[in-house]
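Listed below, chain by chain, are the residues.
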Amino acid sequence: MPGLGTIFNVAAIIAGGVLGCAFGNRVPERVRGTLLNTNAVAVIFLGISGALAKMLTFSDGQFGTTGTMMMIGSLAIGGLIGEILNLEDRFEQLGEWLKKKTGNAKDPRFVDAFVTASLTVCIGAMAIVGSIEDGLFANHAILFAKAVLDFVIILVMTASMGKGCGFSAIPVGILQGSMTLLSSLMRPVMTAAVINNISYVGSILIFCVGINLLFGKKIRVANLLPALVIAGLWTLLPA
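Here the structure is a predicted model, which is why all the values come from computation and not from measurement.

Parameters and conventions
Residues numbered from 1 in each chain as written. Predicted model: local features only at pLDDT ≥ 70, side-chain atom pairs only at ≥ 80, totals over all residues. Heavy atoms only, no water. Pairing = 2+ DSSP bridges. Helix = DSSP H or I, 4+ residues; strand = E, 2+ residues; numbered from the N terminus. Axes fitted to C-alpha atoms, helices over the stretch in contact; angles between N-to-C directions. Parallel < 35°, antiparallel > 145°, perpendicular 65-115°, else oblique. Contact = heavy atoms within 4.5 Å. Nonpolar A, V, L, I, M, F, W, Y, C, P; charged D, E, K, R; others polar. Buried < 20%, exposed > 50% of the residue type's maximum accessible area, 1.4 Å probe, protein only. Lys, Arg positive; Asp, Glu negative; His and termini not counted. Salt bridge = Lys/Arg side-chain N within 4 Å of Asp/Glu carboxyl O. Polar contact = N/O pair within 3.5 Å; in protein donor to acceptor, adjacent residues only side chain to side chain. Phe/Tyr/Trp six-rings, centres within 6.5 Å; stacked < 30°, edge-to-face > 60°.

1. Concerning the pairing of strand β1 (residues 56-59)
Line of reasoning, step 1. Pairing geometry for β1 and strand β2 (residues 62-65), over 4 bridges, is antiparallel. By the bridge assignment for β2, T57 is matched with G64.

The structure is reproduced here in structure tokens:
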């Protein structure tokens, strides 16, 4: 059944959010602070490891780097586009709307929790490749694996940041569901090179999310999302 992977992923995020709320309410503030910091460090290292896996090469007994111009160009152009479109504020407006509609108007951390968690679980090659595999071949394995990871991430984030994290299931459902529906159109353009570039830049954005978790909001990560599109289009440039 095409789409089952996304359904399972969304259900896992909701379950993580529910359990995180139940767990978080019973945990002292200092422990929640520690959980938030440890989660931030984990996200940072996930981003670093993902980026280095795409960046580093090894040849003739020496390490080198690849794709640095693509990475710099994608982030610069994507960031410019994101600032023009003001994606960060639009994302926060969606969070504010959800905050009011779900009866959480008095929760001061709802929007920050929603935006941060959504960026954490939406960015990455697993979401893209998994959704395409789900739509074309009803192969749910990648999204099932992502669901397990997202469950743990959202559980910990909800326990430390609040129930807004659980509502990240909405953008995940929309994003992955759309890609599953459009998978037959996306498959020809999602070459190995395109996916590699998106994963490269996506890992850097995940690192930025971790920085914001650990040090407060320093980087407008949502405004960098167009960098993922630029990274994919970069493969069209002559070598």
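Now that the structure has been shown, we can carry on.
2. Structural notes on the packing of helix α1 (residues 4-24) against helix α8 (residues 169-181)
Line of reasoning, step 1. As a packed pair, α1 and α8 sit with axes 9 Å apart at the nearest point and diverge in direction by 175 degrees. With respect to α8, the element α1 is oriented roughly antiparallel. On α8, the residues touching T6, N9, V10, I13 and I14 of α1 are A169, V172, G173, Q176, G177 and T180.
Line of reasoning, step 2. Partitioning the contact of α1 with α8 into residue classes produces 5 nonpolar, 6 polar and no charged.

3. Re unusual backbone geometry
Line of reasoning, step 1. Even without glycine at this site, N86 takes up a positive phi of about 55 degrees.
Line of reasoning, step 2. Among the secondary structure elements, N86 is positioned in the loop between α3 (68-85) and α4 (87-101).
Line of reasoning, step 3. With a relative accessible area of 25%, N86 lands in the partly exposed category.
Line of reasoning, step 4. A positive phi angle, near 55 degrees, is found at A138, a position not held by glycine.
Line of reasoning, step 5. Relative to the elements of secondary structure, A138 occurs in the loop between α6 (125-137) and α7 (141-161).
Line of reasoning, step 6. Since its relative accessible area comes to 31%, A138 is described here as partly exposed.

4. As for the side chain of K99
Line of reasoning, step 1. Relative to the elements of secondary structure, K99 occurs in helix α4.
Line of reasoning, step 2. Buried within the structure, K99 lacks any salt-bridge partner; its nearest side chain of opposite charge belongs to E96, at an N-O separation of 4.3 Å.
Line of reasoning, step 3. A distance of 3.2 Å separates a polar atom in the side chain of K99 from the backbone oxygen of D107.
Line of reasoning, step 4. In this structure, K99 is in contact with N104, A105, D107, P108, F110 and V111, ignoring residues within four places of it in sequence.

5. Digging into the packing of aromatic side chains
Line of reasoning, step 1. The tally for this structure, following the rule as stated, stands at 3 aromatic pairs.
Line of reasoning, step 2. Between F8 and F144 the ring centres are 4.7 Å apart and the planes differ by 55 degrees, which places this aromatic pair in the tilted class. Taken together, the residues F8 in helix α1 and F144 in helix α7 connect sequence positions 136 residues apart.
Line of reasoning, step 3. Note on F8: relative accessible area 40%, which makes it partly exposed.
Line of reasoning, step 4. Given a relative accessible area of 30%, F144 falls into the partly exposed group.
Line of reasoning, step 5. Aromatic pair F110 and F167: ring centres 5.3 Å apart, planes at 55 degrees, arrangement tilted. With a gap of 57 residues between them, F110 in helix α5 (residues 110-122) and F167 in the loop between α7 and α8 connect regions that are remote in the sequence.

These figures capture arrangement, not role.
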